[in-house]
Amino acid sequence: MAEIHGINLAMQTPFNDDGSIDYSRFEELIDIYLDCGMHGLVLGSGTGQHAYLTEEECNKLFNLGIDRVGGRVPVICQSSALNLDELVRRSKSAEGLGADAIMVLPPYLEGPTHDDGILAFYERVNEAVSLDIIGYNIPQATGIEISPDLFKRLSELEHFNYIKDSSGDIAKQQALLATGGKVLNGADPTAPYSFMAGCGGTIWGCANFFPREAVQLYSLVQARKYDEATALWARMFPSVAYCWFSDYMPAVKAACRQMGFDGGTVRAPVCEIGPEKETKLAAALAPLKGEAGLREAH
């Protein structure tokens, strides 16, 4: 099994103006991001608009992406689905295509909210695959919070080896870490502090528009160069805060266009942030725009 660590990019899905996927640009971006030092890629991520991709589209992205990566870094495929049979099918497809891990949301829409039901849900996936499962804790979106007690139970499953914690609550994240399980940060504004607290890495959407800085931040914290890390973070945080507290996916997409990592438009029903917010976003990105080498046009 590949070790999931460092900056795992919750990769954008490039779209053409008509909403179709630009698969050619997708492959180009993979090479660009790997050249920036990414430790792993997450395909069909939430930032990549997983909720609005078909199963067929996801499988094509996984197939193309895994082939393009060619073993250079681990590839995580989001196989989330509400229907269990579909979830198992998607997960087995990702495994068959060569994914290193799958990321799976809990059954968030009118599904079980008690620990036994959530455990049974993940047990079904665990029985179906032989690759790593990354649970996904994002209570603000799902209404389901994976507590430390539930995380300990889930970690007893053979393949449930990680959790992505997007709660944004550093205290609750430390409680998850205290169980001894492997935690990947998923809340952009806490990134450096989560690394300091002991998260082995992150699955990060904003890294789509500042990939080099994200990798550098992680490296500085790992090297305990905290003064340099906090100085870098001070330049990164305005854009992170703008995206996190705004319409996240379209803000990230707009930032990618402004920062030279163009992935086209968003797919409906998601809407663009519009000219006024684009201007505010540009101001939030200003501290990053003078960084040497970052503004190369791709």
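This write-up is about the structure you can find in this document. (Residues numbered from 1 in each chain as written. Predicted model: local features only at pLDDT ≥ 70, side-chain atom pairs only at ≥ 80, totals over all residues. Heavy atoms only, no water.)

## Quick look at the pattern of salt bridges
Rules: Just to be clear on terms, a salt bridge is a Lys or Arg side-chain nitrogen sitting within 4 Å of an Asp or Glu carboxyl oxygen. Only DSSP runs of H or I reaching four residues or more are called helices, and only runs of E reaching two or more are called strands; each is numbered from the N terminus. To sort residues, take the accessible area from a 1.4 Å probe on protein chains only and compare it with the maximum for the residue type: under 20% means buried, over 50% means exposed, and anything in between is partly exposed.
Scanning all chains against the criterion turns up 16 salt bridges. In this structure, Glu3 engages Lys182 in a salt bridge whose closest nitrogen and oxygen atoms are separated by 3.5 Å. Of this pair, Glu3 sits in the segment before strand 1 (6-10) while Lys182 sits in the loop between helix 7 (170-177) and strand 7 (183-185), and the two are 179 residues apart along the sequence. Using a relative accessible area of 46% as the deciding quantity, one classes Glu3 as partly exposed. When its relative accessible area of 39% is taken as the criterion, Lys182 is described as partly exposed. Across the pair Arg89 and Glu55 runs a salt bridge, and its minimum N-O distance is 2.8 Å.

## Remarks on the sheet that holds strand 4 (residues 101-104)
What counts here: Pairing between two strands is assigned when DSSP locates at least 2 bridges connecting them. Whenever a helix is involved, its axis is fitted only over the stretch in contact; in every case the axis is a line through C-alpha atoms, and angles between N-to-C directions fall within 0 to 180 degrees. Contact definition: two residues touch when any of their heavy atoms are within 4.5 Å.
Overall, parallel pairing links the eight strands, which are arranged 1-2-3-4-5-6-7-8 in a closed barrel. Sheet twist, expressed as the mean angle between neighbouring strand axes with direction ignored, is 25°. Along the sheet face, helix 4 (residues 115-128) touches strand 4, strand 5 (132-137) and strand 6 (160-165) and points at about 155° away from the line of strand 5.

## With respect to the pairing of strand 1
Condition: When the strands point away from the viewer and the path from the first strand over the helix to the second turns clockwise, the crossover is right-handed.
For strand 1, the tally of buried residues reaches five of five residues, placing the bulk of the element in the interior. Pairing of strand 1 with strand 8 (residues 201-204), which is carried by four bridges, proceeds in the parallel orientation. Its bridge partner lying in strand 8, Ile7 is registered against Thr202. Inspection of the sheet shows strand 1 paired to strand 2 (residues 40-43) by three bridges, in the parallel sense. The residue bridging Asn8 from the neighbouring strand is Gly40, located in strand 2. As for the winding sense of the linkage, the β-α-β connection from strand 1 through helix 1 (residues 23-35) to strand 2 is right-handed.

## Focus: helix 1
Where we set the bar: A helix is expected to reach a length of 1.5 Å times the quantity of its residues less one.
For helix 1, with 13 residues, the first-to-last C-alpha span of 19 Å sits near the 18 Å given by 1.5 Å per residue. Where helix 1 is concerned, the buried positions are Tyr23, Arg25, Phe26, Leu29, Ile30, Ile32, Tyr33 and Leu34. Buried residues in helix 1 make contact with strand 1, strand 2, helix 2 (55-69), helix 9 (211-222) and helix 11 (248-259). Where helix 1 ends, the next residue or the one after it, Gly37, has phi of about 100°, a positive value.

## Section: the environment of Ser155
Structurally, Ser155 is set in the loop between helix 6 (148-154) and strand 6. Of the residues examined, Ser155 reaches a relative accessible area of 31% and is grouped as partly exposed. Measuring from C-alpha to C-alpha, the distance between Ser155 and Lys182 comes to 8.9 Å, with 27 residues separating the pair along the chain.

## Re the side chain of Asp165
As a reminder of what qualifies: Only four residue types enter the tally: Lys and Arg on the positive side, Asp and Glu on the negative side; His and the chain ends are excluded. Whenever a nitrogen or oxygen atom comes within 3.5 Å of another N or O atom, the pair is scored as a polar contact, on the condition that within protein one atom can donate a hydrogen and the other can accept it, and that pairs from neighbouring residues in sequence are kept only if both atoms are in side chains.
In this fold, Asp165 is placed in strand 6. Buried charge without a partner: Asp165 forms no salt bridge, and the closest opposite charge is Lys172, 8.8 Å away. A polar side-chain atom of Asp165 sits 2.9 Å from a polar atom in the side chain of Asn137. Engagement of the side chain of Asp165 in a polar contact is seen with the side chain of Ser167, the distance being 3.0 Å.

## Details of the nonpolar core
How we decide: By nonpolar core we mean a set of buried residues, namely Ala, Val, Leu, Ile, Met, Phe, Trp, Tyr and Cys, connected to one another through side-chain atoms within 4.5 Å.
Membership of the largest hydrophobic core comes to 84 residues, with the highest contact counts inside it found for Leu41, Trp204, Phe209 and Phe210. Setting aside its immediate chain neighbours within four residues, Trp204 contacts Ile7, Asn8, Leu9, Ala10, Asp188, Ala191, Phe210, Ala214, Leu217, Trp233 and Met236.

## Some thoughts on the side chain of Glu57
Considering the arrangement of structural elements, one finds Glu57 in helix 2. Look at Glu57 and you get buried, because its relative accessible area is 15%. Setting aside anything within four residues of it in sequence, one finds Glu57 in contact with Ile21, Tyr23, Tyr52 and Arg267.

## Thoughts on the packing of helix 2 against helix 3 (residues 84-97)
To be explicit about the condition: Oblique is the label for any angle not covered by the other classes, which are roughly parallel (under 35 degrees), roughly antiparallel (over 145) and roughly perpendicular (65 to 115). Here a crossing is taken to be left-handed if its near helix is turned anticlockwise relative to the far helix by less than a right angle, and right-handed if that turn runs clockwise. We call Asp, Glu, Lys and Arg charged. Ala, Val, Leu, Ile, Met, Phe, Trp, Tyr, Cys and Pro are nonpolar, and the rest, Gly among them, are polar.
Remark: helix 2 packs on helix 3, axes separated minimally by 9 Å, with the N-to-C direction vectors making an angle of 20°. By the criterion of interaxial angle, the relationship of helix 2 to helix 3 is roughly parallel. The handedness of the crossing between helix 2 and helix 3 is right-handed. Residues Glu55, Cys58, Asn59, Phe62, Asn63 and Ile66 of helix 2 pack against Glu86, Arg89, Arg90, Ser93, Ala94 and Leu97 of helix 3. Along the lines of polarity and charge, the residues of the contact of helix 2 with helix 3 split into five nonpolar, three polar and four charged.

Everything listed here is a matter of coordinates, which is why it stays silent on function.
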